[in-house]
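Remarks on the overall topology
Take a look at the letters that make up each chain.
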Amino acid sequence: MKYFFLAYAIVIVLFVGLMPIRGAKRAETPLRLFPDMDDQDKVMGQSADQFFADGVGSREPVAGTHPVGFLPDGKTELGGIPEYEFGGGTGYYYTGGIDDYYSNGMPEELALTADNVNAFLNRGKEMYEVNCTPCHGSSGDGLGITTSFGVPGVANLTLENYGQATYPDGRMFDVISNGKGNMGGYKHNLSIRDRWAVTAYVRALQVARKAPLSDSSIKAAFEAHQAANPAQAQ
Ligand code: HEC
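Each chain carries its own residue numbering, running from 1 in the direction its sequence is written. Given that this is a predicted model, residues contribute local features only at a pLDDT of at least 70 and side-chain atom pairs are listed and counted only at 80 or more, while totals for whole chains, interfaces and linings are drawn from all residues. Each side-chain value is worked out from all heavy atoms of the structure, with water and hydrogens disregarded.

1. Quick look at a nonpolar patch on the surface
Test applied: Note that patches include only residues with greater than 30% relative accessible area and no salt bridge, and the join distances are 9 Å for like charges and 5 Å for nonpolar side chains (Val, Leu, Ile, Met, Phe, Trp, Tyr). For accessible areas, the Shrake-Rupley method is used with a probe of radius 1.4 Å. Any residue's cover is judged against the shown protein chains and nothing else. When a carboxyl oxygen of Asp or Glu lies within 4 Å of a side-chain nitrogen of Lys or Arg, that pair is called a salt bridge. Numbering of helices and strands runs from the N terminus; a helix is a DSSP stretch of H or I covering at least four residues, while a strand is a stretch of E covering at least two.
A cluster of nonpolar residues, Met 1, Phe 4, Phe 5, Tyr 8, Ile 12, Phe 15, Val 16, Leu 18, Leu 31, Leu 33 and Phe 34, forms a patch on the protein surface that exposes about 1,300 Å² of accessible area. Note on placement: Tyr 8 falls in helix H1 (residues 2-18).

2. Here's the deal with the coordination of the iron atom of the ligand
Under the convention used in this document: Listed donors are limited to N, O and S atoms within 2.8 Å of the metal, widened to 3.2 Å for Na, K and Ca; water is not among them, so incomplete-looking sites are possible. Burial classes follow relative accessibility: with a 1.4 Å probe on protein chains only, a residue under 20% of its type's maximum area counts as buried, one over 50% as exposed, and anything between as partly exposed.
Those protein atoms acting as donors to the iron atom of the ligand are His 136 (NE2) and Met 183 (SD), and they sit at 2.0 to 2.1 Å. Exposure remark for His 136: the relative accessible area of 12% places this residue in the buried category. By relative accessible area, which is 27% here, Met 183 ends up partly exposed.

3. Details of the pattern of salt bridges
Opposite charge on two side chains permits pairing when their charged atoms draw close. What the rule picks out here adds up to five salt bridges. For the salt bridge of Arg 59 with Asp 54, the shortest nitrogen-to-oxygen distance reads 2.9 Å. Its relative accessible area of 42% is what places Arg 59 among the partly exposed residues. Here Lys 210 ties to Glu 160 by a salt bridge, and the two come within 3.9 Å at their closest N and O atoms. Of the two residues, Lys 210 sits in helix H6 (residues 192-210) while Glu 160 sits in the loop between helix H4 (133-136) and helix H5 (169-178), which places them 50 residues apart along the sequence. The two residues Lys 210 and Glu 160 agree in class, both being exposed.

4. A short note on helix H3 (residues 117-131)
Heads up, the rule is: What a helix should span is 1.5 Å times the count of its residues minus one. What the arc describes is the spread of directions from the helix axis to the C-beta atoms. It only takes one pair of heavy atoms within 4.5 Å for two residues to be counted as in contact.
Here H3 is 15 residues long and its end C-alpha atoms lie 21 Å apart, about the 21 Å a rise of 1.5 Å per residue gives. For H3, the full list of buried residues reads Phe 120, Gly 124, Met 127, Tyr 128 and Asn 131. On an axial view of H3, the arc spanned by its buried residues comes to 105 degrees, and they lie on one face. For H3, the exposed residues set more than 90 degrees away from the buried face come down to Asn 118, Ala 119, Asn 122 and Val 130. Against H4 and H6 lie the buried residues of H3.

5. Examining the packing of H3 against H6
Axes are the key here: two packed helices are described by the angle between their axes and the distance separating the axes. The line we're drawing: Angles shown run from 0 to 180 degrees and are taken between the N-to-C directions of axes, each axis being a line fitted to C-alpha atoms and, for helices, limited to the stretch in contact. Any angle that falls under 35 degrees is termed roughly parallel, while one over 145 is termed roughly antiparallel, one within 65 to 115 roughly perpendicular, and all others oblique. Three residue categories are used. Nonpolar comprises Ala, Val, Leu, Ile, Met, Phe, Trp, Tyr, Cys and Pro, charged comprises Asp, Glu, Lys and Arg, and polar comprises the others, including Gly.
Relative to each other, H3 and H6 sit at 90 degrees, their axes nearing to 7 Å. As the angle between them shows, H3 and H6 are arranged roughly perpendicular. Within the contact between the two elements, H3 uses Phe 120, Leu 121, Arg 123, Gly 124, Lys 125, Met 127, Tyr 128 and Glu 129 and H6 uses Arg 193, Asp 194, Trp 196, Ala 197, Val 198, Ala 200, Tyr 201, Val 202 and Leu 205. Here the residues of the contact of H3 with H6 are counted per class, giving 11 nonpolar, one polar and five charged.

6. Description of the packing of aromatic side chains
We describe a pair of aromatic rings using the distance from one ring centre to the other and the angle between the two ring planes. Selection rule: Pairing of aromatic side chains requires ring centres within 6.5 Å, counting the rings of Phe and Tyr and the six-membered ring of Trp. Pairs whose planes differ by under 30 degrees are stacked, by over 60 edge-to-face, and all others tilted.
Scanning the model with the defined rule gives eight aromatic pairs in all. Centroid distance Tyr 93 to Tyr 94: 5.0 Å. Interplanar angle 75 degrees. Geometry classified as edge-to-face. What makes Tyr 93 buried here is its relative accessible area of 2%. For Tyr 94, a relative accessible area of 25% corresponds to the partly exposed category. Summarising the aromatic geometry, the rings of Tyr 162 and Tyr 167 are spaced 5.0 Å apart at their centres and angled 75 degrees between planes, so their arrangement reads as edge-to-face. Using a relative accessible area of 8% as the deciding quantity, one classes Tyr 167 as buried. One aromatic cluster is present, built from ring pairs that chain together Phe 4, Phe 5 and Tyr 8.

7. What to know about the site of the ligand
Using the following cut-off: Definition of nearness: a residue and a molecule or strand are near each other if at least one heavy atom of the residue lies within 4 Å of the molecule or strand. Here a polar contact means two N or O atoms within 3.5 Å. Within protein one must be a hydrogen donor candidate and the other an acceptor candidate, and residues neighboring in sequence count only if both atoms are side-chain atoms.
Near the ligand you find 21 residues, and of these Cys 132, Cys 135, His 136, Tyr 167 and Met 183 are the closest. Between the ligand and the protein, one listed contact pairs a nitrogen atom with a side-chain N or O atom of His 136 at 2.7 Å. At 2.5 Å from an oxygen atom of the ligand is found a side-chain nitrogen or oxygen belonging to Tyr 167. Elements with a contribution of two residues or more to the shell around the ligand: H4 and H5. Top contributing element to the shell around the ligand by residue count: H5, with four residues. Class assignment of the residues belonging to the shell around the ligand gives a composition of 14 nonpolar, five polar and two charged.

Function-wise, these values are silent; they only describe arrangement.
Listed below in structure tokens is the structure:
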């Protein structure tokens, strides 16, 4: 037992001896048992780097590309509307909420008119099909391909409780932006305008689902779809 206390004392003395005194400044690199991510193999902003021929660490965008969030000419405004915006603002357009409450309707910042609303919805369709269809399915019924690989609890967006009366547009915008439960947020992938466009498209899916097949425009679209996809015709 007496050796135990001796060993214990030695360990403590070693431990304390090796640790720098808190607040003390030393020229040498400190011994760190838990280095966290203090030293990283990366180029710090504005520092030199010999990897590149010109020795400059910070790089210009590669010719023919443009950074996310900017139009090719470096501007962020398209037709007076900030096209590539990903968040940060306050108010309905940015958050889907007005004074702590979700609200309904497309925000006026989108500047929707009879002329551009079709393009807006088509953009929503495109973005929905790229980002949401894998889980929510192309009709919004929550039976996307991922559900057959075990993604659980994907919401069926065609249910009544996701309709505008009980589930305002702003709330849908918020879920698209920030995610919920097993669903991740899309605020880093989709611009604000695109998130509203997806919201509008989900509304279009909900309406189309309930429209009678006798509606000639829907019937024609359905028949065209069946003709184009004969394997799925039943
Ligand atoms: C990786 C699969 C996945 C993708 C992709 C996905 N979702 Fe979801 N979504 C889910 C799951 C799972 C839930 C259920 C979340 C919960 O209630 O915990 C959900 C729930 C929702 C809800 C309802 C949330 C609520 O309040 O109950 C909405 C609205 C929604 N998703 C819209 C979208 C839209 C629009 C997109 C495309 C931008 C999208 N989702 C992409 C998996 C996904």
